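Residues per chain, in single letters:
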Amino acid sequence: MVLTLSGSALLSSASRIFLQQRAPVKHLHTSVKNQYAAASKANSPPPAEGFMPGVANSKLIKNTHHEALKNPELASVANGETKKMNTFQAVNDAMGIALATDNTACVFGEDVAFGGVFRCTMGLAEMFGRDRVFNTPLTEQGIAGFGIGMAAMGSTAIAEIQFADYIFPAFDQLVNEAAKYRYRSGGEFNVGGLCIRTPCGAVGHGGHYHSQSPEAYFAHTPGLKVVIPRSPIQAKGLLLASIRDRNPVIFMEPKILYRAAVEMVPVGDYELPLGKAEILTEGKDLTIVGWGAQLYVLENAIQLAKSRMPGLSVELIDLRSILPWDVEAVCNSVNKTGRLLIAHEAPKTQGFAAEITSTVMERCFLRLEAPIQRVTSYDIPFPLIFEKFHVPDMIRCVEGIEHVMKF
């Protein structure tokens, strides 16, 4: 069953009241409301991966060839071509390169031979053969176990768990087998060729079983790496790095960005570093940390906060890798600004923001000017009709910014 929502219903009532009462900042949201109106006018159900307004106009998105290639992390393809891709196309492109450059690589999971429910594997079976891109039974434990065995024999296993919400049947295989394989053998054998891809995060209509962000569960497990990209350029480079990394990696793709985020992506083969955060905007008053789709919410929140607090200077950091995470980049920023806000879609209790908070308190305590703020989802199962109130939206993030700045 598909739930259809009108454009007005997609905007939270709190957001609408806020915009009505604050006319001077309405221009910040014109494009957002226009996209909602267009979606409503189309009178069609929302796509499976949801609809996230405002991403197309985000300054975090690289819309031109020049913008894309001026990133120093893309030096290896700085003289190459770029092509407009959305996130699922960038993921597809990365897997195509991985399969073309590594004849041991295979892609497998539920429905991947047909292109996958989000179309991330479209055309790969036809291009590389159905012995390298193939469907599996509906058994997440079996998918992970097969990938572990394949990687243990020296091959590159690119496994898809169709939704991150259904990764839990594979939990034992990942945290007790994949993560410990190298350690229990004293380094004699490993499963470093294993990469688990899985769509994650809120979509607007996913409910209990199609909207969760389980990154913190795996961040508690030594031996794994956990990566979450924010855009097509990032998705391609981080996925290639994850596939080729000599440790098992869980690569979580914010599914609401599959079509919403579109960039000029280098067509060449490139990797982005795992375990390294990216400073998206520099500032001196407040450090804000996020990852995945939440960064676009934070970007809008920062604009709105600046309109209410003229002169506010914010440093926005994309963590990118949850495990290992870039402690140095975050702590250096907090030592400069004296304030920190972290936002994520997962529940608050023992969410990854808690780990960041604890580490920053240990390392930056004497430089903090205010208590660290966490803006997260609530400690309840993910609700369906109340999803727009459950996730940390722009208004809640602005309130967090005001609280930490006025302390």
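The rules we used
- Note on numbering: residues in each chain are counted from 1, in written sequence order.
- Only residues with pLDDT of at least 70 are given local features in this predicted model, and only at 80 or more are side-chain atom pairs given and counted; all residues enter the totals for whole chains, interfaces and linings.
- With hydrogens and water excluded, all non-hydrogen atoms of the structure serve as input to the side-chain values.
- For the purposes of this entry, the term helix denotes a DSSP run of H or I that reaches at least four residues, the term strand denotes a run of E that reaches at least two, and both are numbered from the N terminus.
- Exposure classes here rest on a 1.4 Å probe applied to the protein chains alone. A residue is buried below 20% of its type maximum, exposed above 50%, and partly exposed in between.
- In this description, contact between two residues means that some pair of their heavy atoms is separated by no more than 4.5 Å.
- Using a 1.4 Å probe, the Shrake-Rupley method yields the accessible areas, and only the shown protein chains count as cover for residues.
- Two strands qualify as a pair provided DSSP detects at least 2 bridges between them.
- Geometry is summarised by axes, namely lines fitted to C-alpha atoms with helices restricted to the contacting stretch, and by angles between N-to-C directions that run from 0 to 180 degrees.
- Take the buried Ala, Val, Leu, Ile, Met, Phe, Trp, Tyr and Cys residues and link them wherever side-chain atoms come within 4.5 Å; each set so joined is a nonpolar core.
- The predictor reports its confidence for every residue as pLDDT, a score running from 0 up to 100.
- Here the term right-handed applies to a crossover when the path leading from its first strand over the helix to its second strand runs clockwise, the strands being oriented away from the viewer.
- A patch consists of residues whose relative accessible area exceeds 30% and which take part in no salt bridge; residues with like charges are grouped when within 9 Å of each other, and nonpolar side chains (Val, Leu, Ile, Met, Phe, Trp, Tyr) when within 5 Å.
- A carboxyl oxygen of Asp or Glu within 4 Å of a side-chain nitrogen of Lys or Arg is what we treat as a salt bridge.

Engineer: Please explain the overall build of the protein as it appears in this structure.
Structural biologist: Scanning the protein from N- to C-terminus turns up 17 helices and 14 strands. Per-residue burial for the protein yields a buried fraction of 58% across its 407 residues. Excluding contacts between residues fewer than 6 apart, the proportion of contacts in the protein whose partners are at least 24 apart in sequence is 81%. With an accessible surface of roughly 17,200 Å², the protein has 55% of that area assigned to carbon and sulfur atoms.

Engineer: Explain the sheet that holds strand β11 (residues 314–318) here, please?
Structural biologist: Backbone-to-backbone hydrogen bonds pair the strands of a sheet. The strands run either parallel or antiparallel. Spatially, the five strands line up as an open sheet ordered β9-β11-β10-β13-β14, and their pairing is mixed. Of all the strands in the sheet, the pair left with one neighbour each is β9 (278–281) and β14 (373–377). Strand after strand, the sheet turns through a mean of 25 degrees between neighbouring axes, direction not considered. One ladder, built from four bridges, connects strand β13 (residues 340–347) with β14; its direction is parallel. Residue pairing across strands places Leu-341 opposite Gln-373, the latter belonging to β14.

Engineer: Honestly, the nonpolar core in this entry has me stumped. Any pointers?
Structural biologist: A general feature of soluble globular proteins is that nonpolar side chains tend to end up buried together. Judged by nonpolar contacts, the single largest core of 52 residues is most densely connected at Phe-218, Val-289, Trp-291, Leu-319, Ile-356 and Val-360. Ignoring sequence-local partners within four residues, the contact set of Val-289 consists of Leu-298, Ile-317, Leu-319, Val-330, Leu-340, Leu-341, Ile-342, Ala-343 and Ile-356. Grouped together as the second largest cluster of nonpolar side chains are 40 residues, Val-227, Ala-235, Phe-251 and Leu-272 included.

Engineer: Got a minute to help me understand the confidence of the model for the protein in this structure?
Structural biologist: Any segment with low pLDDT has predicted coordinates that should not be analysed in fine detail. Per-residue confidence for the protein gives a mean pLDDT of 90; residues scoring 70 or more make up 87%. Per-residue pLDDT stays below 50 along residues 1–43; that stretch engages in 49 contacts with residues further than four places along the chain or on separate chains.

Engineer: Would you mind going over the pairing of strand β7 (residues 249–254) with me for this structure?
Structural biologist: Side chains on a regular strand alternate between the two faces of the sheet. Most of β7 is tucked away: six of the six residues are buried. With burial as the criterion, each face of β7 is covered, one bearing Val-249, Phe-251 and Glu-253 and the other bearing Ile-250, Met-252 and Pro-254. Pairing of strand β6 (residues 225–227) with β7, which is carried by three bridges, proceeds in the parallel orientation. Residue pairing for β7: Lys-225 is matched across the bridge by Val-249. Taken together, β6, helix α11 (residues 232–244) and β7 constitute a β-α-β crossover, and its handedness is right-handed.

Engineer: Sorry, what's going on with the pairing of strand β10 (residues 286–290) here?
Structural biologist: Taken across its five residues, β10 has five buried, putting it largely inside the fold. Burial along β10 is two-sided: the face carrying Leu-286, Ile-288 and Gly-290 and the face carrying Thr-287 and Val-289 are both buried. Where β10 meets β11, five bridges bridge the pair, whose relative direction is parallel. Each residue of the ladder has a partner; that of Val-289, found in β11, is Ile-317.

Engineer: Even after reading the chapter, I still don't get a nonpolar patch on the surface, so can you show me in this structure?
Structural biologist: On the surface, Leu-384, Ile-385, Phe-386 and Phe-389 cluster together to form a nonpolar patch covering roughly 380 Å² of accessible area. For Phe-386, the position within the fold is in the loop between β14 and α16 (387–390).

Engineer: Would you mind going over the sheet that holds β6 with me for this structure?
Structural biologist: Spatially, seven strands are ordered β3-β2-β4-β5-β7-β6-β12 in an open sheet, and the strand pairing comes out mixed. For this open sheet the edge positions go to β3 (133–135) and β12 (321–323), each flanked by a neighbour on one side alone. Here the strands of the sheet are splayed against their neighbours by 20 degrees on average, with no regard to which way each runs.

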